[in-house]
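The lines below spell out each chain.
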Amino acid sequence: MLRALALSSATIVALTACGGAPPQAAQTTTSATSTDNASSVPLTNVVPAVRDAAASMSVVTHVSRSGVNDGGTHVSTSVFVPKGNPPPGGYPIVALAHQVTGLSAECAPSQSADLLGLAPTVAALLRAGYVVTLPDYQGLGKPAVTDDEYNHYYPYLDSTTAGYNMIDAVRATHATVPQTSTSWVALGYREGGQAAWAANELADGYGSDLKLVGSASISPLAGVDSLAGAAQDGTLNDAQKIVYVRYLAAIGREYKYDIELDDYRRGAAGRQWDALLSCRPDASTAPAQITAADLRPASTEALSALRAYLKKTNLPQGPALAPMLVVYSDSDPVSPAAWTDRALDAACKMGDSITIQKRPGPQTDPLAALAWIDDRFAGAPAPNDCGGRR
């Protein structure tokens, strides 16, 4: 409930800054419709490493919820069932949230033979005896039902939407794979790390019919409110420019009557806009052509509005239900350690139990969390490193 109150307050702040009216506050009640009319089709275009480890593979379309306007959405998730017999009580579920490669429908793991590079992770989780559900996120993939006119887009970096999508993917997986238990872990890298963290904060109310035993976030996008200051100061690096532009595109869609995108983009940023939003190969080279001035907010009012929007999706928004693991780097090019440290300090002050691992060099492998996940399903106590941060 505290996360809902925080979201409501932040939303009001954001939209007041931009002259709009606040939408309905995000709800924390369990989705009653996420498994209604869920449909499943076989998933066939997958690399051999996953096929060899899976007893079955499917894409499930189900209902979820937008964190922007609280409206219903249809989303898809890829579901993988391991070989062998389920343990007593059923297979535990790992919800694996992916790094974002673009904002269009084809930029989804269900549309990628190697699951956007997550095939080794899925195969390892299957061999460990877990059912894996891999959400596409709202607006990505090709769900069987696409009648959500307003919400059929990807609200990039909206942590509430991502958290809802994670929880509803687990709920739909449990409904369509009867040999599963209700116990689950949220796992993700980069944007997926943000989604896993948000799902933990939302699970107390929205996922109360399930049993979340923990969340593991690898290099999560947590302190994203710092993007505004970096854009103003002209310190965005190329990797951050991609995140920043994708976020601008999303809020331009979400709050189209309240925000003027040209207050935040000009010159080469406008010319490279489509490339930056895509999952085409040129998306990674486009930022080098964009100068700091091309992305600097046009006025103090524009900067204040941007900060308010980012505050709405920043983590933490409220206390987490279950233990957390956060693995991050001392040299992350997208989310600097100082950003993550601020988010961890705030979460620890909310009373969260967090295993914190700061490591040298890039941290990109979700399997860094596998032993921690095994321990959570086994019921072992989770190490809590928050003692010096409260």
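Located above this text is the structure these notes cover.
Residues numbered from 1 in each chain as written. Predicted model: local features only at pLDDT ≥ 70, side-chain atom pairs only at ≥ 80, totals over all residues. Heavy atoms only, no water.

A. Structural context of the overall build of the protein. For the protein, the count of helices and strands is 12 helices and nine strands. Per-residue burial over the protein gives 59% buried out of 390 residues. Sequence separation of 24 or more characterises 79% of the internal contacts of the protein that already satisfy a separation of 6 or more. With the model as given, the accessible surface of the protein reaches about 14,200 Å², and the carbon-plus-sulfur share is 52%. (Helix = DSSP H or I, 4+ residues; strand = E, 2+ residues; numbered from the N terminus. Buried < 20%, exposed > 50% of the residue type's maximum accessible area, 1.4 Å probe, protein only. Contact = heavy atoms within 4.5 Å. Areas by Shrake-Rupley, 256 points an atom, 1.4 Å probe, with all protein chains shown as cover.)

B. The arrangement of the sheet that holds strand β6 (residues 180-189) in detail. Taken in spatial order, the nine strands line up as β1-β2-β3-β5-β4-β6-β7-β8-β9 in an open sheet, and their pairing is mixed. Each having just a single partner strand, β1 (39-42) and β9 (354-359) make up the two edges of the open sheet. Averaged over all pairs of adjacent strands, the angle between strand axes in this sheet comes to 20°, irrespective of strand direction. When β6 meets strand β7 (residues 211-218), the two strands line up parallel, connected through seven bridges. When the bridges of β7 are listed, V185 appears paired with G214. Against the sheet, helix α4 (residues 159-176) touches β2 (54-65), β3 (72-82), β4 (91-97), β5 (131-135) and β6, its axis set at about 130° to β2. (Pairing = 2+ DSSP bridges. Axes fitted to C-alpha atoms, helices over the stretch in contact; angles between N-to-C directions.)

C. View of the state of the cysteines. This structure, assessed with the given rule, holds two disulfides. The residue that forms a disulfide with C107 is C279, at a sulfur-sulfur distance of 2.1 Å. Between C107 and C279 the sulfur-sulfur dihedral comes to about -85°; the bridge is accordingly left-handed. Of the two residues, C107 sits in the loop between β4 and α3 (119-127) while C279 sits in the loop between α9 (273-277) and α10 (300-313), which places them 172 residues apart along the sequence. (Disulfide = S-S within 2.5 Å.)

D. Broad picture of the environment of H174. You can see H174 is positioned in helix α4. Here the alpha-carbon distance between H174 and G90, two residues 84 residues apart in the chain, equals 9.8 Å. In this structure H174 touches I93, T180, S181 and T182, once residues within four positions along its chain are discounted.

E. Representation of the pattern of salt bridges within the structure. Tallied over the full model, the rule gives 11 salt bridges. With its nearest N and O atoms 3.1 Å apart, the salt bridge here joins D262 to R265. For D282, the salt bridge is made with R280, and the minimal N-O distance between the two is 3.0 Å. By relative accessible area, R280 is classed as partly exposed at 42%. One salt-bridge network, in which partners are shared between bridges, spans D341, D345, K358 and R389. (Salt bridge = Lys/Arg side-chain N within 4 Å of Asp/Glu carboxyl O.)

F. Layout of the packing of helix α7 (residues 238-254) against α10. Following both chains from N to C, one finds α7 and α10 inclined at 90°, their axes separated by 12 Å at the closest point. When the axes of α7 and α10 are compared, the pair comes out roughly perpendicular. Every residue of α10 that contacts α7 at Y244, Y247, L248 and I251 is listed here: L306, Y309, L310 and T313. Within the contact of α7 with α10, the residues separate by chemical class into seven nonpolar, one polar and no charged. (Parallel < 35°, antiparallel > 145°, perpendicular 65-115°, else oblique. Nonpolar A, V, L, I, M, F, W, Y, C, P; charged D, E, K, R; others polar.)

G. A look at the layout of surface pockets. Roughly 310 Å³ of volume is contained in the largest pocket. Taken together, 16 residues line the largest pocket, and the ones lying closest to its centre are Q99, V100, T101, I242 and R246. The class makeup of the residues in the lining of the largest pocket is nine nonpolar, three polar and four charged. Approximately 150 Å³ is the volume attributed to the second largest pocket. Together, H98, Q99, T101, L116, G117, L118, P120, T121, Y189, T364, D365 and P366 line the second largest pocket. (1 Å grid on protein atoms, 1.4 Å probe; cavity = no way out; pocket = protein on both sides within 12 Å on 5 of 7 lines; lining within 4 Å. Points joined across faces, edges and corners; volume = space filled by probe spheres on them.)

H. Fine view of the side chain of D168. Within the secondary structure layout, D168 lies in helix α4. A polar side-chain atom of D168 sits 2.7 Å from a polar atom in the side chain of S64. (Polar contact = N/O pair within 3.5 Å; in protein donor to acceptor, adjacent residues only side chain to side chain.)

I. Broad picture of the environment of D274. By the secondary structure assignment, D274 is in helix α9. Assessed through its relative accessible area of 58%, D274 is described here as exposed. Along the primary structure D274 and A286 are separated by 12 residues, whereas in three dimensions their C-alpha atoms are 9.7 Å apart.

J. Here's a closer look at the side chain of S278. By the element assignment, S278 lies in the loop between α9 and α10. When residues no more than four places from it in sequence are discounted, the contact partners of S278 are T101, G102, C107, R246 and A283.

K. Geometry of the packing of α4 against helix α5 (residues 191-202). Contact geometry of α4 with α5 gives a least axis separation of 7 Å together with a crossing angle of 75°. As summarised for this structure, α4 and α5 are arranged roughly perpendicular, according to the angle between their axes. Across the interface between the two elements, S159, T160, A162, G163, Y164, M166 and I167 of α4 pack against Q194, A195, A196, A198, A199 and L202 of α5. Split into classes, the residues belonging to the contact of α4 with α5 amount to nine nonpolar, four polar and no charged.

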